[in-house]
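The primary structure of each chain is shown beneath.
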Protein chains: 2
Amino acid sequence: MSGGLPEDQRLLWVTFLPDGRAAEVSPGSTLLAAARLASVPIASVCGGEGICGRCRVLVRSGRVETSPTPLLSPEEWRAGYVLACQARVKEEDVVVEVPPESRTSEIWGTETLPEIESSGLFRLSPLVRKIFLALPRPTLEDNAGDQERLFREIRKKADVSELLAELQVLREWPALLRSARWQVTATLAQKDQVVEVLQLEPQDRSREALGVAVDVGTSTVVAHLLHLGTGKTLDTEAKYNSQRVHGAEVTRRILAAERLGVEKLQSLVVADINDLISHMVERQGISLSDVLGVVCAGNTAMTHFLLGLPPGALRRYPYVAAAVAPPAVRAAEVGIRINPQGLLWVVPGIGGWVGGDITAGLLASAVHRSKDLVLFVDIGTNGEVVLGGQDWLVACSTSAGPAFEGAGVTSGVRAGPGAIHRVEFTPQGPVFHVLGDGLAQGLCGSGLIDAIAGLFRIGYLDRSGRLSPQAENVLEHNGDLAFLLAPKGRAARDILITQRDIANVLRAKAAIYAGITVLLKETGVALKDVRWLYIAGAFGSHLDPRNAITLGLIPDFPAERVRFWGNTSLAGAKLCLLSQQAWEEARRLAARVTYYDLGSCPYYYEEFLGALFLPHTDLSRFPSVVAGEKL
Amino acid sequence: MSGGLPEDQRLLWVTFLPDGRAAEVSPGSTLLAAARLASVPIASVCGGEGICGRCRVLVRSGRVETSPTPLLSPEEWRAGYVLACQARVKEEDVVVEVPPESRTSEIWGTETLPEIESSGLFRLSPLVRKIFLALPRPTLEDNAGDQERLFREIRKKADVSELLAELQVLREWPALLRSARWQVTATLAQKDQVVEVLQLEPQDRSREALGVAVDVGTSTVVAHLLHLGTGKTLDTEAKYNSQRVHGAEVTRRILAAERLGVEKLQSLVVADINDLISHMVERQGISLSDVLGVVCAGNTAMTHFLLGLPPGALRRYPYVAAAVAPPAVRAAEVGIRINPQGLLWVVPGIGGWVGGDITAGLLASAVHRSKDLVLFVDIGTNGEVVLGGQDWLVACSTSAGPAFEGAGVTSGVRAGPGAIHRVEFTPQGPVFHVLGDGLAQGLCGSGLIDAIAGLFRIGYLDRSGRLSPQAENVLEHNGDLAFLLAPKGRAARDILITQRDIANVLRAKAAIYAGITVLLKETGVALKDVRWLYIAGAFGSHLDPRNAITLGLIPDFPAERVRFWGNTSLAGAKLCLLSQQAWEEARRLAARVTYYDLGSCPYYYEEFLGALFLPHTDLSRFPSVVAGEKL
């Protein structure tokens, strides 16, 4: 991987136990940065300052550079404990164990995101930012207009070419500049090829610059509040997309938009985004007027709803978007409540059925820069599959349904506090892990996959996914068979997996698996020639790859070459918000991907039917499952 | 002048009698084009098609290329008559006489403007235009989004880089494209560095593209309606600026804006512009929605009023504009009623007291490209003086007052139908020429200059401008002495020139002359080193240079090196509207000019006082007047 790089640029592997997840980082990177890159959730309250002592980890092999600290006892120090934020890799690969107490409280989503400073790919240069300016007072010799004086001084401090301000904003400047005695803070936003001065404020308010990145999912909307001066994530919020009342799947929503007007669906998702933002802003005690921009990533239908673009042509052959790369607009124009001058950017998509969420995902996981072939699978309500690397990229989209997001299944919940995200079947019965402190509320996607794969493995399910009525804890529920994972009492309510739920999950996994198979066939790529299998999706970091393979959701692939990226749609949106380079790269990248329409593939349906079994009709495709489960 | 050019690019002089005005044109140019360039008004009803026969002229020397036409009799043909629109210069300079019957009916202003096609400097490439597109229908192989398909096809037909559309416009495209069966006309507007698609229309409406150029003068507002596909002027209108109720001069208006709010002054001038546009549009039987853009040129205060920018700092040291180069805005944003998506561009200015009208003037008269030193004087309510050429340009501004625009003088009128634009004193008494067919309504600027110079020449006025009470037709009028040029009956009313009017004119001319003198001194340029004296202003083409010199308005300068350009503010605005190159050149040009503040010149007032005489206290500066009038 890094053999081709000069010695001083050689990357080092940091592997984290017990997960076995790993990341390649530059020499000098901290273990905390490596953990973020590897999607390993390590607690850090102080933000990496070496003050809180929460991020202690145990170095198992390899040398790191660090200094003694009173936060570690002499015994811990001798045992090999270090603070992840203060220990840096220098010359060799290292293996680090993360003790349970150093794991985060698993605020859903946050831990999986590559931060701009640790991604190493992009410079912090947000799409919107504030700069403080001490302008020289006008004189007869230097009597440039107020606008021209401001633009001139901005150009001296920032690398901008064309500058622009709206008339209504310009009108306020003469009075403001003079009352502020020419000491002002300008808010600059990248708008197409032009930089717009959104506002002027008196004095130095350059630190009060915040932005929001949003993953507008079909089922779930997730928002992160970012400090644009430091690139740090201040807060996170998520909720189900309120459009769900108009259908769980994209096509039903488009029909609803055609029937009721797209404004109806727009207002629902805008209200969701406003909810998320206002919660974060309130909690952080900041002013909405300091939130200067929002970057949203979503599939093409979601961005049409968000912007109020007519989505009708998306569901009709040949599935054409109104706009794949919509313009930056005033956030207020669509009803998003931030600074009234603040902008909304939508990450450009690839085509009618492969949206900006995938552009963002490829950007965040750097598939488009990979020298090796990567198979990128984003598991959400749509399951998008992208194959390729730095030379070419082909994408397709499957309609998986919302089961993996905990929707449309009896005991499904979003991957958040109260969600069972991991299930193991022990001889003593099922054991499950719940996010957060409270009682289990239900199963999220990864828990559901664990549970169904486990039920299959212990023989409660046959290969067609039928529950055995004789099996323990299998009971009748509303005229259907169901497995009772946990009764009310051990959980907040009965946690059930019904026969119908299983059928839902099988249809979802079959759609994605068939998509993968067709894309490999159509590009003439053998699975063995794929170097990396990247899994993206909200549950990404909680998923057990062995169970995903047993389920037949992903092909039988060596676990060490599977990487989990978490919510890459959100991660890419954050990169875009924090870096103009990333935004430009997303634009170019989106234009490079070729869309392949599964609907026009003559054998897709056949592949789908073959994949409706556990793990598949054709067992020769899953030798590891056959060997492991002795089928 | 043209000695340095290769032979095939050598320019030829065409001189027109009786005016003696001349223009340099490329071989192959028609006499009509040369006449337009020389500001010689030649009638042409058919638009240069050789059909109407109105433009017959007599070739006095030099050879032209033309063909016999039934519109000329054999006698006329033998005598040397040709149709100006069908005769082309080939190899030598020519002298042409324009018989009175071939002069236009002198619609005020039109005849003086260089048309884009005859200017030869710029290509027709309007700031806003329509193009017809037959888009390929989407297929699975070509399933670009509607916006991306449209942008792609626009790029194939037009040289544009970054394209953009507003969200509300984008929203209409999917339905429109499909109902129009992908045959649409796109309206493209140059907005900063981006091209905005203002609207789509079904079918081919590419010929329905109109724009308006406006000279927003302190005293007068003039508008021309242009066909953007051909560059032709379709109609013209002018009226006094309604802001005059708040003062004749700029400073009084700024005070009014500070007292009443700038919106008050904005609404007045916007109403004027709307009046002018609606008259032209009604007369031409076209739809307002086909008027796609407006380019305005005006002094800095006028553009502040127009855009609603606070003008207060303009009148306070160091005289700073809110914006010298304001952004293009939606015309509707300031209340201008054209196509609701149509744009308003304001020609960028030079500084607080030298505005976009002067940028436009320099552009139209190509001062900034001149290898020779040019002294450019724009005579309006402000008198701006620019000295320089291709290497450097210095500008200053004098407050002349509105006398030369026919305002603030007893019998003053705007240079339009009914205006006395020329006065001669013959032994039989004064003879005057009236624009249009009707009775004289009053004196416009050129008539006033002729009259005062004439009165001085015949001894009715002394050198300090005092009327002799004994002189014929000098009478008392409202306690003041006045010369009765024409009694009611010979004119629509008594046409009087009062002692106070004369004092007004002397103050105006003294301000301008003093500005010229100071600028020459400060740049160390001797008058003899100035190659050309360019006179701009609404009356430009009617002014007698000998009288302007006798009055002491302009320095004593050889008449053959004085050129009259007419309303160059309007001419430059038209060039900008019709040519993106011209617009870009105006932007660059404006940034090149150095502003010189007369207010900070210690001897300006002394120069002003010395110039309050006829022609000047210091007669040695006006040897030709001394010789001619035997003073």
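Please read all numbers here as calculations on a predicted model, not as lab measurements.

**Q** Explain the overall build of chain A to me, please; I cannot follow it from the model alone.
**A** Helices and strands together make up the secondary structure of chain A, namely 18 helices and 29 strands. The C-alpha radius of gyration computed for chain A amounts to 25 Å, which stays within 12% of the reference 25 Å derived for 631 residues, consistent with globular compactness. In terms of overall dimensions, chain A has a C-alpha envelope of 95 × 70 × 50 Å along the principal axes. Here chain A holds 631 residues, and the buried ones make up 55% of them. For chain A, the proportion of contacts with a sequence separation of at least 24, taken over those separated by at least 6, is 67%.

**Q** Sorry, what's going on with the sheet that holds strand S28 (residues 562–566) of chain B here?
**A** Think of a sheet as strands paired side by side through backbone hydrogen bonds, with each pair either parallel or antiparallel. All names here are of chain B. Read across the sheet, six strands follow the order S28-S27-S18-S19-S20-S29 without closing on themselves; strand pairing throughout is mixed. Pairing within the sheet leaves two strands with one partner each, and these edge strands are S28 and strand S29 (594–595). Taken strand by strand, helix H11 (residues 356–365) contacts strand S18 (374–379), strand S19 (382–388), strand S20 (393–399), strand S27 (532–536) and S28, and its axis lies near 130° from that of S18. Across the sheet, helix H13 (residues 499–523) is in contact with S18, S19 and S20; its angle to S19 comes to roughly 25°.

**Q** Would you mind showing me how to read the interface of chain B and chain A here?
**A** It is common to give the size of an interface as the accessible area that goes away when the parts come together. Contacts between the two partners involve 42 residues from chain B, matched on the other side by 42 residues from chain A. When contributions to the side of chain B that touches chain A are tallied by element, the ones reaching two or more residues are helix H4 (146–157), helix H5 (167–170) and helix H6 (173–179) of chain B.

**Q** When you look at the nonpolar core in this model, what are you seeing that I'm missing?
**A** For soluble globular proteins, the rule of thumb is that nonpolar side chains tend to be buried together. Counting residues in hydrophobic clusters, the biggest one holds 354 residues, and the most contacted among them are Ile452 and Cys576 of chain A together with Cys576 of chain B. Setting aside residues no more than four positions away along its own chain, Cys576 of chain B makes contact with Leu127, Val295, Trp345, Val347, Ala360, Ala582, Trp583 and Ala586 of chain B.

**Q** Any chance you could explain the sheet that holds strand S11 (residues 194–202) of chain A here in plain terms?
**A** Residues and elements named next belong to chain A. Strand order in the open sheet formed by four strands is S8-S10-S11-S9, with mixed pairing between adjacent strands. Looking at which strands have only one partner, the edges of the open sheet turn out to be strand S8 (128–134) and strand S9 (163–164). The strands that helix H4 (residues 146–157) touches are S8, S9 and strand S10 (183–191); relative to S8, the one it contacts most, it runs at about 110°.

**Q** Just checking my understanding: could you explain the packing of helix H11 (residues 356–365) of chain A against helix H15 (residues 568–578) of chain A for this structure?
**A** Two measures define how a pair of helices packs: the angle their axes make with one another and the distance between the axes. Residues and elements named next belong to chain A. Where H11 meets H15, the axes come as close as 7 Å, and the angle between the chain directions of the two elements is 75°. Relative to H15, the element H11 lies roughly perpendicular. In this structure, H11 contributes Asp357, Thr359, Ala360, Gly361, Leu363, Ala364 and Ser365 to the contact, and H15 contributes Thr568, Ser569, Ala571, Gly572, Ala573, Leu575 and Cys576. When its residues are assigned to classes, the contact of H11 with H15 shows seven nonpolar, six polar and one charged.

**Q** Looking at this model, I keep getting lost on helix H7 (residues 250–260) of chain A. Mind explaining?
**A** In an α-helix there are 3.6 residues to a turn, and that puts residues three or four apart on one side. Residues and elements named next belong to chain A. Buried within H7 are the following residues: Val250, Arg253, Ile254 and Ala257. All buried residues of H7 project into a common sector of 100° when viewed along the axis, lining one side. Structural note: H7 exposes Arg259 and Leu260 on the side pointing more than 90 degrees away from its buried face. Where H7 is buried, its residues touch helix H8 (262–284), helix H9 (300–307) and strand S19 (382–388).

**Q** I keep staring at helix H8 (residues 262–284) of chain B and nothing clicks. Help me out?
**A** Here H8 of chain B is 23 residues long and its end C-alpha atoms lie 33 Å apart, about the 33 Å a rise of 1.5 Å per residue gives. Taken from the residues just after H8 of chain B, Gly285 of chain B is the one with a positive phi, measuring 65°.

**Q** Teacher, can you tell me more about the pairing of strand S21 (residues 419–426) of chain A here?
**A** Every regular strand shows the same layout, with side chains that alternate between the two sheet faces. All names here are of chain A. In the sheet, S21 pairs with strand S23 (residues 442–443) via two bridges, with the strands oriented parallel. Bridged to Ile420 within S23 is Leu443. When S21 meets strand S22 (residues 429–434), the two strands line up antiparallel, connected through six bridges. Each bridged residue has a counterpart across the sheet, and for Phe425 the counterpart in S22 is Pro430. The antiparallel pairing of S21 with S22 creates a hairpin that spans two residues between the two strands.

**Q** What am I meant to see in the pairing of strand S14 (residues 233–240) of chain A here?
**A** Residues and elements named next belong to chain A. Looking at chain direction, strand S13 (residues 220–227) and S14 are connected through seven bridges and run antiparallel. Within S14, the residue paired with Leu225 across the bridge is Asp235. Between S13 and S14, which pair antiparallel in sequence order, lie five residues; one of them, Gly231, sits at a positive phi of approximately 80°.

**Q** Explain the relation of the copies chain B and chain A to me, please; I cannot follow it from the model alone.
**A** In this structure, two copies of a chain are linked by a rotation about an axis accompanied by a shift along it. For these two chains of identical sequence, chain B goes onto chain A by a turn of 180° and a shift of 0.1 Å along the axis, with RMSD 0.1 Å. Considering both components of the superposition, the chain copies are consistent with a two-fold axis. The position closest to the rotation axis in chain B is occupied by the C-alpha of Gln193 of chain B, lying 3.6 Å away. The fraction of interface residues of chain B whose copies in chain A are also interface residues reaches 100%, indicating that both copies meet through the same surface.

**Q** What exactly am I supposed to notice about the environment of Thr359 of chain A here?
**A** Residues and elements named next belong to chain A. Relative to the helices and strands, Thr359 is located in helix H11. The class of Thr359 is buried, set by 33 C-beta atoms lying within 10 Å. Taking the C-alpha atoms as reference points, Thr359 and Ala400, 41 residues apart in sequence, are found 19 Å from one another. When sequence neighbours within four positions are dropped, the list of residues in contact with Thr359 reads Val347, Pro348, Gly349, Ile350, Gly572, Ala586, Leu589 and Ala590.

**Q** Explanation requested: unusual backbone geometry in the structure shown.
**A** With the exception of glycine, the majority of residues adopt a negative phi angle, and the majority of peptide bonds are in the trans configuration. Looking along the chain, the bond that leaves Tyr317 of chain A and enters Pro318 of chain A is cis, with omega of -5°. Topologically, Pro318 of chain A is positioned in the loop between H9 and strand S16 (329–330). Of note, the amide linkage connecting Leu614 of chain B to Pro615 of chain B takes the cis form, showing an omega dihedral of -15°. Mapped onto the secondary structure, Pro615 of chain B falls in the loop between helix H17 (604–610) and helix H18 (623–629).

**Q** Sorry, what's going on with the confidence of the model for chain A here?
**A** Interpreting fine coordinate detail is not advised for predicted regions of low pLDDT. Residues and elements named next belong to chain A. Mean pLDDT over chain A works out to 90, with 92% of the residues at or above the 70 mark. Ignoring residues within four places in sequence, the model shows residues 1–7, a span with pLDDT below 50, making five contacts including any to other chains. Below pLDDT 50 for its whole length, residues 104–114 participates in 39 contacts with residues either more than four positions away or in separate chains. Overall fold confidence (pTM) sits at 0.82, and the ipTM for the predicted complex is 0.82.

**Q** Which parts of the structure should I look at to understand the environment of Ala419 of chain A?
**A** Residue and element names in this part refer to chain A. Here Ala419 shows up in strand S21. Residue Ala419 is classed as buried on the basis of its 27 C-beta neighbours within 10 Å. Residues Ala419 and Leu435 lie 16 residues apart in sequence; the distance between their C-alpha atoms is 5.5 Å. With residues up to four places along the chain from it excluded, the contact list for Ala419 reads Gly406, Val413, Arg414, Val434, Leu435, Gln441, Gly442, Cys444 and Gly447.

Thresholds, definitions, all that
- Residues numbered from 1 in each chain as written.
- Chains lettered and ligands numbered in written order.
- Predicted model: local features only at pLDDT ≥ 70, side-chain atom pairs only at ≥ 80, totals over all residues.
- Helix = DSSP H or I, 4+ residues; strand = E, 2+ residues; numbered from the N terminus.
- Rg over C-alpha atoms; globule rule 2.2 N^0.38 Å.
- Buried ≥ 20, exposed ≤ 12 C-beta atoms within 10 Å, placed from the backbone.
- Contact = placed C-beta atoms within 7 Å.
- Pairing = 2+ DSSP bridges.
- Axes fitted to C-alpha atoms, helices over the stretch in contact; angles between N-to-C directions.
- Core = buried A, V, L, I, M, F, W, Y, C linked by C-beta atoms within 7 Å.
- Parallel < 35°, antiparallel > 145°, perpendicular 65-115°, else oblique.
- Nonpolar A, V, L, I, M, F, W, Y, C, P; charged D, E, K, R; others polar.
- Arc of directions from axis to C-beta.
- Expected span 1.5 Å × (residues − 1).
- Least-squares fit on C-alpha atoms with pLDDT ≥ 70 in both.
- pLDDT = per-residue confidence, 0-100.

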